[in-house]
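Structural overview
These are the residues of each chain, in order.
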Amino acid sequence: MQTTAVAAASKRGKASPLTDEQKILLFRNLMLAMALDRMMMRVIRAGRMVGFYHEGGIALAPGVAAGTFLRKEDILWPHYRAHGLAHMLAKGIDVKLYVAEHMGREAGCCKGRSSFHFSFPQDHVFGLSGNIGANFPMVVGYGFAAKYKKTDQVVMNCSGDGSYGEGRAHEALLISALWKLPVVFWLENNGMAQHSGEQDLFPGKEISVLAAGYGIPAMKVDGQDLFACAETALAAIAHTRSGKGPIFIECRTLRAQEHSVGNLNNEGPVKRDQKLMDEWKATRDPLKIAAARLIEEGLLTETVFTEWQAEADKQADAMDEFSEASPKAMPSVEELYTQVYAGKGN
Amino acid sequence: MQTTAVAAASKRGKASPLTDEQKILLFRNLMLAMALDRMMMRVIRAGRMVGFYHEGGIALAPGVAAGTFLRKEDILWPHYRAHGLAHMLAKGIDVKLYVAEHMGREAGCCKGRSSFHFSFPQDHVFGLSGNIGANFPMVVGYGFAAKYKKTDQVVMNCSGDGSYGEGRAHEALLISALWKLPVVFWLENNGMAQHSGEQDLFPGKEISVLAAGYGIPAMKVDGQDLFACAETALAAIAHTRSGKGPIFIECRTLRAQEHSVGNLNNEGPVKRDQKLMDEWKATRDPLKIAAARLIEEGLLTETVFTEWQAEADKQADAMDEFSEASPKAMPSVEELYTQVYAGKGN
Amino acid sequence: MTDTRELTLCEAIREAYIDEMRRDERVFMMGVSIQAGSFPHTKDLTPEFGTHRVVDTPLAEPAIAGAAIGAAQEGLRPIVDFMYAGFSYYAGSEVFMQASQYYFLHGSQLPLPLVFVGTCGVGRRVANEHSTLPYGALIHHPGIKVCMPSTPYDAKGLMKAAIRENNPVFFLWHTSMMSFKGHVPTDDYVVPLGKADVKREGTDVTVLTAGMQVHTALKTAEKLKDEISIEVIDARSFEPFDRDALFKSLEKTTRLVIVDEDFERAGFSAEISAQVMEHGYDLLDAPVKRVCHPNFPIPGGYMDVYTMPTVEKVESAIRDVCR
Amino acid sequence: MTDTRELTLCEAIREAYIDEMRRDERVFMMGVSIQAGSFPHTKDLTPEFGTHRVVDTPLAEPAIAGAAIGAAQEGLRPIVDFMYAGFSYYAGSEVFMQASQYYFLHGSQLPLPLVFVGTCGVGRRVANEHSTLPYGALIHHPGIKVCMPSTPYDAKGLMKAAIRENNPVFFLWHTSMMSFKGHVPTDDYVVPLGKADVKREGTDVTVLTAGMQVHTALKTAEKLKDEISIEVIDARSFEPFDRDALFKSLEKTTRLVIVDEDFERAGFSAEISAQVMEHGYDLLDAPVKRVCHPNFPIPGGYMDVYTMPTVEKVESAIRDVCR
Ligand SMILES: Cc1ncc(C[n+]2csc(CCOP(=O)(O)OP(=O)(O)O)c2C)c(N)n1
Ligand SMILES: Cc1ncc(C[n+]2csc(CCOP(=O)(O)OP(=O)(O)O)c2C)c(N)n1
Ligand SMILES: [Mg+2]
Ligand SMILES: [Mg+2]
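Predicted, not measured: the structure shown is a model, and the values here were computed from it.

Rules used throughout
Residue positions within a chain follow its written sequence, with the count starting from 1. Here chains are named by letter from A upward and ligands by number from 1 upward, in the order in which they appear as written. Predicted model: local features are reported for residues with pLDDT of at least 70 only, side-chain atom pairs are reported and counted for 80 or more only, and whole-chain, interface and lining totals are derived from all residues. Note that water and hydrogens are dropped before the side-chain values are worked out from all heavy atoms of the structure. In DSSP terms, a helix is any run of H or I states spanning at least four residues, a strand is any run of E spanning at least two, and both are numbered starting from the N terminus. Exposed residues in this analysis have more than 50% of their type's maximum accessible area, buried residues have under 20%, and partly exposed residues fall in between, with area computed by a 1.4 Å probe over protein chains only. It only takes one pair of heavy atoms within 4.5 Å for two residues to be counted as in contact. Each reported salt bridge corresponds to a side-chain nitrogen of Lys or Arg within 4 Å of a carboxyl oxygen of Asp or Glu. The quantity called bend is, for any residue, the angle between two axes fitted respectively to the seven residues ending at it and the seven beginning at it. Two strands are said to pair when DSSP picks up at least two bridges between them. What counts as a domain boundary in this text is fixed by an automatic or database domain assignment. By definition, the buried area sums, over both parts, the 1.4 Å-probe accessible area that each loses when the two are put together. Any N or O atom pair separated by 3.5 Å or less is treated as a polar contact, with the protein-specific requirement of one donor-capable and one acceptor-capable atom, and with residues adjacent in sequence counted only for side-chain atom pairs. Alignment of the copies relies on least squares applied to C-alpha atoms, considering only residues that score at least 70 for pLDDT in both. In this analysis a donor is any N, O or S atom within 2.8 Å of a metal ion (3.2 Å for sodium, potassium and calcium), and since water is not included, sites may seem incomplete. Side-chain atoms within 4.5 Å are what join buried Ala, Val, Leu, Ile, Met, Phe, Trp, Tyr and Cys residues into a set we call a nonpolar core. We call a residue near a molecule or strand when any one of its heavy atoms sits within 4 Å of it. We get accessible surface area from the Shrake-Rupley algorithm with a probe of 1.4 Å; when it comes to residues, only the shown protein chains can shield them. For helices, the fitted line uses only the C-alpha atoms of the stretch in contact; every axis is such a line through C-alpha atoms, and the angle between N-to-C directions lies from 0 to 180 degrees. Angle categories are assigned with fixed cut-offs, so that under 35 degrees is roughly parallel, over 145 is roughly antiparallel, 65 to 115 is roughly perpendicular, and the rest are oblique. Handedness of a crossing follows from how the near helix is turned relative to the far one, being left-handed for an anticlockwise turn of less than a right angle and right-handed for a clockwise one. Three residue categories are used. Nonpolar comprises Ala, Val, Leu, Ile, Met, Phe, Trp, Tyr, Cys and Pro, charged comprises Asp, Glu, Lys and Arg, and polar comprises the others, including Gly. To count toward a patch, a residue needs a relative accessible area above 30% and no salt bridge. Like charges then connect within 9 Å, nonpolar side chains (Val, Leu, Ile, Met, Phe, Trp, Tyr) within 5 Å.

Section: the environment of Leu-187 of chain B
Residues and elements named next belong to chain B. For Leu-187, the location among the structural elements is in strand β4 (residues 183-189). Residue classification places Leu-187 among the buried positions, given a relative accessible area of 0%. Each C-alpha atom of the pair Leu-187 and Ser-208 lies 8.3 Å from the other, and the pair is 21 residues apart in sequence. Excluding residues within four positions of it along the chain, Leu-187 makes contact with Ser-159, Gly-160, Asp-161, Tyr-164, Ile-207, Phe-248, Ile-249, Glu-250 and Cys-251.

Written as structure tokens, this is what we have:
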């Protein structure tokens, strides 16, 4: 029953367990994730998306960190913010199929019918759900299956502070601890759920304190610090992969914009402070923070930054184009009726 | 965020905050509760009960303690074991109407139609539910109402260790802490839920450790020690009544018999140890423990014990007779159809 | 004569809240992010009523649904807003079994005045939980009343009736109708639960429907007006259901089409068809037809154009029953 | 010829578990107190299969329902026993929306082979959660198959079919039938989901029913045999429903009574009545009649004698349709 506050790893400089290659990979993943987030915002603003989009903004470092070190067979439940694009691209998933899904296209990963509640079964990613907190019961099943099959799969279970209001979170924490399931409870705590601030959501500030009640070790990390998040993810994955049972990670991050496109941006009845959010964007942008660190370490130059950035934007745009090129998925009712049940069992 | 292990008060002897009158009241309440439990067992074994009965046995001290100091307007959710009879009679409720309910009689508190999922609205007792854990969402409502109406009502929320598996428990703990609701989380932990032992139910031994995660103070008490339970109840009620928000009490008790009448008595696949249970009955019977203490303190003699015992048994039998004398409730379908909705609103 | 103004559906609901919270101190509201107004019907209520009567809750649907029951038992009159009605499935036990059944099971002693609110509806392309219309499932479980307005007028009146009702009511509203405008009186009025409304009179065919689909039915009636005279009945409440109004119409038309955005199987339309079978068989000159959501999950994407009731589908059903 | 023995309904289910767990390593079971056997169908399975395949869980229905989905997505074939089916309402979202809808919504790529099990039924006088038969509510939500046996033979065969099925199945069994005995083959067989069974042939009236009520129907048929020839059809699965079998029978009898222990409103019987209205209108010589649980919560106490379908009520419905 230990609660370890991990000192922000970036302060430890060269002591980081991350290799240079890993740092660059993480950095470029974050760059792409943020480029994708901007592209998605353009697409929804242009009215070309079906359904919702929830901007990631400057909150994507935890997702990149959570995804980057997973193996293909590890199970990932991505946080729904920015629709898990950061998590998934970091895991190596071909997310253009998911972009197409957002646009309701035939090329979509779920044939354009899932809205954003998609699945990539072959990549061991099984969703997002319209009901926040739906991950919790499911991860019990993933963790159970890993133990049952005697694999060393890890379950990376990402969700927001809002989701920890649901009783389902308790059930998952309890059962994961009881059965020593390989589940990383990866909390991306931005202190907000829709239009409610943390003072209306949780009695304390740190949700990770819950973990102790179940005997689950917990760590906290600055969610704006990509490399700190990554080091924590490595530690968490190693912990669970070695059979030690679940672990709880609280990444503290920021929501510098409204909940979802076209929404209010309030905390309860009060409008949130735009100046503060602008300041966060200026000073707490994880890409800028990571870039400064890489430059300091001689791993990056301004020129390379600009080059990579252009590449990331191009990649993002290509996904948009790929999606637009695919026809709108509009199967008939008759065809859909054939899709309700899977064929023959065994 | 404090977890206070309350030293068994009985050891503190005269330092107890309980008056002699209170001790005697508690003792006689327990005596009656145990007499009622035996009577209910006779009734169900004789095939005269409709529905279930879950024997209380030697686990009724916490319930008596939880109920005895409540005011009429305080809300009580009784633990379902022994169907809350101990809790309710201690609160001063006319439980013969509930006995009649168990027998499906017209005199039943809910017109004989609730099985054991009764309610005494005028006494601020609103049930038991077929779904274990149903108390948790409801107590949020009771606590909210007390605060909203600015009364100093206390909500005594009694349930077993099994119920704390449900996510609804988390939601109630979280919201009660967040809103500082006057809820006593009164856990009667017998280390069993139906045919599962605690090793299959909770990762640690003490469920009260959960409370710390929400910043809820917690106390533990020996559930076989009536007076220790009572002192803890007094402290818990005082705490919540004074507006300090919720409190968590873990009473450790014992299940010395099967889950419900006619059931197996296993822990998982293994039969429970009958000798151990018999030993508990011999050495851990709360009435015997309390009697010894009262005799030691000069508040009871063997003769008086026998007298009171006979009185309690008579009272219990009278409830059976009262119930038997009432006709079986068998309204027609037409009549029941008039009972679905309440009349005019306001 | 009462004054009326144009209000949106959400503004009309909001006015009902304001009226009833002014009238009765026991009325309060809870939900996730209702203070800001995740939808406009709860926007800006705190300046007048405070955050203790318009309460933001953590995400914990079972707890807030159960809290409504508990608070009602302790004498309050709660309104619990689930945001999307599909989220209420987390509280399946509290909604389907507890709220609806406790009054009866506990001996019909203690009224449970509470209102659950949820938005729903196909056509915004957001799939399952954000679309599901739970009325078919709700009415299967006895003890809870269920309504859904098709106009701002009905929205305000039904909400006021729901809040004054002494029983649990699930008030549904269609997300696509958020900004639908209509005349709403300033004066106090209620639209009673259990009273259908003839939204258009006709003599050849009755179309029974509710919510958003009232408008599909009205458009169809308009389109066919030179050929077939269509009576459009807005059920407004699914439970209690106004069978008298329906049968009165059938006496005239002898033909029935039910238009229902919810899943077809074992839903509201099935029930009405079965009731007509049992109690109105002799009124009919043709079998009842249903136009519903097909029996597959509500997809996201562009498929809603095929899965929703449309003028074409309603027209074709009408032509079928007239054959 | 295959050997048969007399087994109870629970023993028959248990045999299906044993067969299928032997056949397929991916099959496992979870539930509250299933190792001991809170009901006999899971009794004493751990000596052969171990506590890792017959798993006792904490009380946490949403988690174990969701765990079934998760484990199925990861290639296992879970059986989740809710004990009483009414407890599954805690997992309303997992059962009604997620298990049933994910296959379709996720592009019909990944089968979800899982079995939910729950006991239910009126008549043991234990009221709501311990009685509720959720099949009416379940079939309203597309994507999940639902069945309930009326004999030990069907119990074993349906359970084996459910376990081998590549889709979510909710297997219900009636608590009052726990000890019902019947012949069960030792050889491997399945009773396919979606196949009704004519439990008694007749020519005058069809009685469609399932589970425990098959026996009420059979008793009624026996009672009236000299007067009215009654065909008793056991639906066995509510979804998929074997409409062909029903219509074949109706072609002969032209009269239909549906006997359904679940709530009447918007349930299985309503759906079948509506389907007959839509697709079999011309087959009928009288309107379909339903004999169901009345539209009020299932009371405890002695009222079940009035609320359950009985021979008297079924007889009276039969006489009505024969008039
Ligand atoms: C069961 C349920 N309740 C409410 C919602 C509405 N909702 C969607 S996202 C959201 C906020 C979630 O907050 P959090 O988990 O902290 O993620 P964040 O948006 O802050 O990244 C809410 C309330 C929902 N989708 N599902
Ligand atoms: C939601 C739900 N799940 C399971 C059950 C079956 N059940 C009834 S009592 C019980 C055990 C409860 O254990 P606990 O709360 O510890 O009380 P105890 O019986 O030990 O006094 C169980 C599993 C139920 N009634 N409701
Ligand atoms: Mg958040
Ligand atoms: Mg217990």
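Still more to cover.
A closer look at the pattern of salt bridges
All names here are of chain C. Applying the stated rule across the entire model yields 95 salt bridges over all chains. We note a salt bridge from Lys-160 to Glu-20, for which the minimum N-O separation is 3.2 Å. In this pair, Lys-160 sits in helix α6 (residues 152-164) while Glu-20 sits in helix α1 (residues 9-23), placing the two residues 140 residues apart along the sequence. With respect to class, Lys-160 is no different from Glu-20; both count as buried. Note that Lys-199 and Asp-154 form a salt bridge whose closest N and O atoms lie 2.7 Å from each other. One end of the pair, Lys-199, is in strand β9 (residues 197-200); the other, Asp-154, is in helix α6, and 45 residues separate them in sequence. Using a relative accessible area of 2% as the deciding quantity, one classes Asp-154 as buried. Residues joined by salt bridges that share partners form a network here, namely Arg-5, Glu-15, Asp-19, Glu-20, Arg-23, Lys-156, Lys-160, Arg-164 and Asp-188.

Some details on helix α4 (residues 92-105) of chain D
Residues and elements named next belong to chain D. Approximately 40 degrees is the largest bend angle found in α4, and it occurs at Gln-98. Across the 14 residues that make up α4, a large majority, 14, are buried. Two residues or fewer after α4 comes Gly-107, characterised by a positive phi angle close to 85 degrees.

Structural notes on the pairing of strand β3 (residues 155-160) of chain A
Residues and elements named next belong to chain A. Counting buried residues along β3, six of its six residues qualify, which places the element largely inside the surrounding structure. Side chains Val-155, Asn-157 and Ser-159 project from β3 onto one buried face, and the interleaved Met-156, Cys-158 and Gly-160 project onto a second face that is buried too. For strand β2 (residues 75-77) and β3, the ladder comprises three bridges, and the chain directions are parallel. Counted as the bridge partner of Trp-77 is Asn-157 from β3.

Re the domain arrangement of chain C
All names here are of chain C. The domain architecture assigned to chain C consists of domain 1 (4-185) and domain 2 (197-321). On a C-alpha basis, the centres of domain 1 and domain 2 stand 26 Å from each other. Opposite the 27 residues of domain 1 that make contact, domain 2 presents 29 residues. When the buried area of domain 1 at its contact with domain 2 is split by residue, Val-122, Arg-125 and Tyr-135 rank highest and sum to 29% of it. Counting every contact that joins domain 1 to domain 2 gives three salt bridges. Here domain 1 is connected to domain 2 by 14 residue pairs in polar contact (both at pLDDT 80 or more). Looking at the side of domain 1 that touches domain 2 element by element, the count peaks at four residues for helix α5 (residues 135-140).

Description of the relation of the copies chain C and chain D
The transformation that overlays chain C on chain D combines an axial shift of 0.0 Å with a rotation of 180 degrees, and the residual RMSD is 0.0 Å. In short, the pair behaves as if placed about a two-fold rotation axis. When the interface residues of chain C are mapped onto chain D, 100% of them again fall at the interface, so both copies present the same face.

Some details on the coordination of the magnesium ion (ligand 3)
The protein atoms that coordinate the magnesium ion (ligand 3) are Asp-161 of chain A (OD), Asn-190 of chain A (OD1) and Met-192 of chain A (O), at distances of 2.0 Å. Within one chain, the residues serving as donors to the magnesium ion (ligand 3) are arranged as D-x28-N-x1-M.

So, the coordination of the magnesium ion (ligand 4)
Residues and elements named next belong to chain B. The coordination sphere of the magnesium ion (ligand 4) contains the protein donors Asp-161 (OD), Asn-190 (OD1) and Met-192 (O), at a distance range of 2.0 Å. Ordering the donors of the magnesium ion (ligand 4) by residue number gives the pattern D-x28-N-x1-M. Take Asn-190 and Met-192: they sit in the same class, and that class is buried.

Observations regarding the nonpolar core
Phe-116 of chain C together with Phe-116 of chain D are the most contacted members of the largest nonpolar core, which totals 423 residues. The residues touching Phe-116 of chain C, leaving out its near neighbours within four places in the chain, are Ala-65, Ala-68, Val-80, Phe-82, Val-95, Ala-99, Ile-144, Val-169, Phe-170 and Phe-171 of chain C.

Quick notes on the site of ligand 1
Around ligand 1 sit 22 residues in total, of which Tyr-80, Arg-81, Asp-161 and Gly-162 of chain A together with Glu-61 of chain C are the nearest. Those chains with residues close to ligand 1 are chains A and C. Between ligand 1 and Gly-130 of chain A, the relevant distance is 2.9 Å, taken from a nitrogen atom to a main-chain nitrogen or oxygen of the residue. For ligand 1, whose accessible area on its own is 590 Å², the fraction buried by protein is 97%.

Focus: the sheet that holds strand β9 (residues 197-200) of chain D
Residue and element names in this part refer to chain D. The strand order across the open sheet formed by five strands is β9-β11-β10-β13-β14, and the pairing between neighbours is mixed. Both edges of this open sheet fall to β9 and β14 (289-293), since each of them pairs with a single strand only. Along the sheet, successive strands turn relative to each other by an average axial angle of 25 degrees, direction set aside. By the bridge criterion, five bridges tie strand β13 (residues 256-263) to β14 in an arrangement that is parallel.

Here's the deal with the packing of α1 of chain C against α6 of chain C
Residues and elements named next belong to chain C. In the contact formed by α1 and α6, the axes pass within 8 Å of each other and the chain directions differ by 30 degrees. Considering the angle they form, α1 stands roughly parallel to α6. As α1 packs across α6, the resulting crossing turns out to be right-handed. Taken together, the residues of α6 that come into contact with α1 (itself represented by Leu-9, Ala-12, Ile-13, Glu-15, Ala-16, Tyr-17, Asp-19, Glu-20 and Arg-23) are Pro-152, Ala-155, Lys-156, Met-159, Lys-160, Ile-163 and Arg-164.

Remarks on the environment of His-174 of chain D
All names here are of chain D. Positionally, His-174 belongs in strand β7 (residues 168-174). Between the C-alpha atom of His-174 and that of Val-122, which follows or precedes it by 52 residues, the distance is 8.4 Å. With residues near it in sequence (within four places) discarded, His-174 still touches Thr-119, Cys-120, Gly-121, Val-122, Met-212 and Glu-261. At a separation of 3.1 Å, a polar atom in the side chain of His-174 contacts the main-chain amide nitrogen of Ser-176.

Notes on the interface of chain A and chain D
Listed by partner, the interface residues are 41 residues for chain A and 50 residues for chain D. Each partner contributes to the roughly 3500 Å² buried at the junction of chain A and chain D, and carbon and sulfur atoms together form 59% of this total. Counting the contacts that link chain A with chain D gives two salt bridges. Ionic pairing is found between Lys-149 of chain A and Glu-74 of chain D, a salt bridge with its closest N-O pair at 2.8 Å. The set of elements that each furnish at least two residues to the side of chain A that touches chain D consists of α5 (135-148) and α6 (167-179) of chain A.

Things to note about the interface of chain C and chain D
Every contact between the two is made by 50 residues of chain C and, on the other side, 50 residues of chain D. Between chain C and chain D the total buried area reaches about 4700 Å² when both faces are included, carbon and sulfur atoms providing 63% of it. Scanning the region where chain C abuts chain D turns up six salt bridges. Salt-bridge contacts for Glu-239 of chain D lead to Arg-265 of chain C; the nearest nitrogen and oxygen are separated by 3.1 Å. The interface formed by chain C and chain D contains 20 residue pairs in polar contact (both at pLDDT 80 or more).

Some remarks on the packing of helix α8 (residues 243-253) of chain C against helix α9 (residues 268-279) of chain C
Residue and element names in this part refer to chain C. Two elements in contact, α8 and α9, have axes separated by 12 Å at closest approach and are oriented at 65 degrees. Note that α8 runs across α9; the crossing there is right-handed. For the pair α8 and α9, the contacting residues are Arg-243, Leu-246, Phe-247 and Leu-250 in the first and Ile-272, Gln-275, Val-276 and His-279 in the second. Residue composition of the contact of α8 with α9, grouped by class: five nonpolar, two polar and one charged.

Some words on a nonpolar patch on the surface
Judged by side-chain polarity, Met-330 of chain A together with Val-305 and Tyr-306 of chain C come together as a nonpolar surface patch covering roughly 230 Å² of accessible area. Mapped onto the secondary structure, Tyr-306 of chain C falls in helix α10 (residues 304-307).

Considerations on the site of ligand 2
Tyr-80, Arg-81, Asp-161 and Gly-162 of chain B together with Glu-61 of chain D are the nearest of the 22 residues found near ligand 2. Chain contributions to the surroundings of ligand 2 come from chains B and D. Here an oxygen atom of ligand 2 sits 2.4 Å away from a polar atom, N or O, in the side chain of Tyr-80 of chain B. Within the side chain of Gln-194 of chain B, a nitrogen or oxygen atom sits 3.1 Å from a nitrogen atom of ligand 2. A total of 580 Å² of accessible area belongs to ligand 2 in isolation, and the protein chains cover 97% of it. Looking at the shell around ligand 2 residue by residue, the classes come out as nine nonpolar, nine polar and four charged.

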